[in-house]
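Listed below are the residues making up each chain.
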Amino acid sequence: MRKWHREDHRAERGGWLRASVLGANDGIVSVAGLVVGVAASGASQATILASGIAGVVAGAMSMAAGEYVSVQSQADTERADLAKETRELADDPESELLELTGIYTRRGLAPELAHAVAVQLTSHDALSAHARDELGITEALRARPLQAALASAAAFAVGSALPIVAVLLAPAGRVTAVTMATTVAALFVSGGLAARAGGAPVLRGSLRVAFWGALAMLAAALVGRAFDVSV
């Protein structure tokens, strides 16, 4: 007899992985775009650096707040649905049992077997059965607002460190070129890593992220160049 083995499914990483990828890419692109835009306007290197650091702080806080509010809304919806299901189970358990039986029948079980499964699962944990099979709420995919907020903010800060380092190390007058080249390379790598973690084609993920990042920096550079001022 084969031994039981633990399976690691990528869907279990959905919440924190999405927030981390979004945060890291947004950190790289937004701060790099800010730095490139300010540099293209003719600002001094000190002003470029100050603008970049301000962008890191504001961006990380914004990402954390946005993720928390968004995911908390999902958590509130899940909580309301579970409360409603709890009331229905208490008020009319027979109808809820029939509802669960119908769900399993539509999924392909014979009616008798579907009823037996519904009875067994209801006797074990009726709310969990309805949460999973009626509402689509599972423990692995439950909304976790704090986790999403922390993952997004931390990833943003890590990603945005790259353009800041590029500004610090770039020769005077070459901030724009060095930042853009460094950022595109980093986005290519981060896109590939994110695609690999999510089970998607690595090259396609790398090219997609790098392309949109380069486009964002180009737009920022054109805006900055339009002002053409020295600070």
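Note that this is a predicted model, so its numbers are computed, not measured.

Colleague: Can you explain the side chain of Thr183? Please cite residues and give values.
Modeller: Along the chain, Thr183 turns up in helix 6 (residues 175-198). Assessed through its relative accessible area of 0%, Thr183 is described here as buried. Contacts of Thr183, omitting those with residues within four sequence positions, involve Ile28, Ala32, Leu162 and Met217.

Colleague: Residues and numbers for the confidence of the model for the protein chain, please.
Modeller: Regions with low pLDDT should not have their predicted coordinates read in detail. Summing up the model confidence of the protein chain, the mean pLDDT is 83 and the portion of residues at 70 or higher is 89%. When the elements of the protein chain are averaged for pLDDT, helix 1 (residues 14-40) gives the smallest value, 77, and helix 3 (residues 93-106) the largest, 92. Every residue in residues 9-13 is under pLDDT 50, and counting partners more than four places away or in other chains gives eleven contacts.

Colleague: Explain the packing of helix 2 (residues 45-91) against helix 3 residue by residue, including any values.
Modeller: Axes are the key here: two packed helices are described by the angle between their axes and the distance separating the axes. Axis separation between helix 2 and helix 3 bottoms out at 5 Å; the angle between their running directions is 115°. The segment helix 2 lies against helix 3, with Glu85, Glu88, Leu89, Ala90 and Asp91 engaging Pro93, Glu96 and Glu99. Grouping the constituent residues of the contact of helix 2 with helix 3 by class yields three nonpolar, no polar and five charged.

Colleague: Describe the environment of Asp26, and please don't skip the residues or the numbers.
Modeller: Structurally, Asp26 is set in helix 1. Each C-alpha atom of the pair Asp26 and Ala60 lies 9.5 Å from the other, and the pair is 34 residues apart in sequence. Beyond its immediate sequence surroundings of up to four residues, Asp26 is in contact with Val31, Met63 and Phe156.

Colleague: Explain the pattern of salt bridges to me, using residue names and the numbers behind them.
Modeller: Side-chain pairs of opposite charge can arise where the charged atoms are in close proximity. Counting across every chain of the model gives four salt bridges. Between Lys84 and Glu88 there is a salt bridge, and its shortest N-O distance comes to 2.5 Å. In this pair, Lys84 and Glu88 both sit in helix 2, four residues apart, roughly one turn of the helix. Residue classification places Glu88 among the partly exposed positions, given a relative accessible area of 23%. Taking the shortest distance from any N to any O, the salt bridge between Arg132 and Asp133 comes out at 3.4 Å.

Colleague: Describe the packing of aromatic side chains, with residues and values.
Modeller: Summed over all chains, the structure comprises one aromatic pair. Both rings, one in Phe211 and one in Trp212, keep their centres 5.2 Å apart while their planes meet at 75°; by these two values the pair is edge-to-face. We classify Trp212 as exposed; its relative accessible area is 54%.

Colleague: Account for the nonpolar core, naming residues and giving values.
Modeller: Membership of the largest hydrophobic core comes to 14 residues, with the highest contact counts inside it found for Val31, Val35, Ile48, Phe156, Val167 and Val175. Residue assignment for this core shows that the elements contributing at least two residues are helix 1, helix 2 and helix 5 (145-169). For Val175, the residues in contact, after removing those within four places along its chain, are Val35, Ala39, Gln45, Ile48, Val167 and Ala170. Core analysis: the next-biggest nonpolar cluster, separate from the first, contains seven residues, Leu97, Ile103, Ala114 and Ala118 among them.

Colleague: Could you give me a rundown of the packing of helix 3 against helix 4 (residues 111-133), with the residues and numbers involved?
Modeller: At a minimum axis separation of 8 Å, helix 3 and helix 4 run at an interaxial angle of 115°. As far as their axial angle goes, helix 4 and helix 3 are roughly perpendicular. When you trace helix 3 past helix 4, the crossing you get is right-handed. When helix 3 is examined against helix 4, the residues Glu96, Leu97, Glu99, Leu100, Thr101, Ile103, Tyr104 and Thr105 are found in contact with a partner set consisting of Pro111, Ala114, His115, Val117, Ala118, Val119, Leu121, Thr122, Ala129, His130, Arg132 and Asp133.

Colleague: Tell me what's going on with the side chain of Ser41, and back it up with residues and numbers.
Modeller: The topology assignment puts Ser41 in the loop between helix 1 and helix 2. Reaching out from Ser41, the side chain makes a polar contact with the backbone oxygen of Val38 at a distance of 2.5 Å.

Colleague: If you had to explain helix 3 to someone new, which residues and values would you point to?
Modeller: With 14 residues, helix 3 extends 20 Å from end C-alpha to end C-alpha; this agrees with the ideal 20 Å at 1.5 Å per step. Every buried residue belonging to helix 3 is among Glu96, Leu97, Leu100, Thr101, Gly102, Ile103 and Tyr104, and all of these are buried. Of the surrounding elements, those touching the buried residues of helix 3 are helix 2 and helix 4. With its phi angle positive at about 120°, Gly108 sits one or two positions after the end of helix 3.

Parameters at a glance
Every chain begins its residue count from 1, and numbering advances along the sequence as written. Two thresholds apply to this predicted model, a pLDDT of at least 70 for residue-level local features and 80 or more for giving and counting side-chain atom pairs, whereas whole-chain, interface and lining totals are computed over all residues. Calculated side-chain values reflect all of the structure's heavy atoms, with hydrogen atoms and water omitted. Starting at the N terminus, helices and strands are each numbered in turn, a helix being any DSSP run of H or I of at least four residues and a strand any DSSP run of E of at least two. A simple rule labels every residue: compare its accessible area, found with a 1.4 Å probe on the protein chains alone, to the largest value its type can have, and call it buried under 20%, exposed over 50%, or partly exposed in between. Any two residues whose heavy atoms approach within 4.5 Å at even a single point are treated as in contact. Every residue carries a pLDDT, the predictor's confidence in it, which falls somewhere between 0 and 100. Angular values range over 0 to 180 degrees, each being the angle between N-to-C directions of two axes fitted as lines to C-alpha atoms, with helices fitted over their stretch in contact. Under this grouping Gly is polar, as are all residues other than the nonpolar Ala, Val, Leu, Ile, Met, Phe, Trp, Tyr, Cys and Pro and the charged Asp, Glu, Lys and Arg. Any carboxyl oxygen of Asp or Glu that lies within 4 Å of a side-chain nitrogen of Lys or Arg is treated as forming a salt bridge with it. A pair of aromatic rings is counted whenever rings of Phe, Tyr or Trp (Trp by its six-membered ring) have centres within 6.5 Å, and the orientation is called stacked for planes under 30 degrees apart, edge-to-face for over 60 and tilted otherwise. We call a set of buried residues a nonpolar core when its members are Ala, Val, Leu, Ile, Met, Phe, Trp, Tyr or Cys and they connect through side-chain atoms within 4.5 Å of each other. By definition in this entry, angles of less than 35 degrees are roughly parallel, angles greater than 145 are roughly antiparallel, angles of 65 to 115 are roughly perpendicular, and the rest are oblique. Put simply, a crossing is left-handed when the front helix is turned counterclockwise from the back one by less than a right angle, and right-handed when it is turned clockwise. Polar contact criterion, stated in full: a pair of N or O atoms within 3.5 Å, where within protein one must be able to donate a hydrogen and the other to accept it, and residues adjacent in sequence count only if both atoms are side-chain atoms. Each residue after the first adds 1.5 Å to the expected span of a helix.

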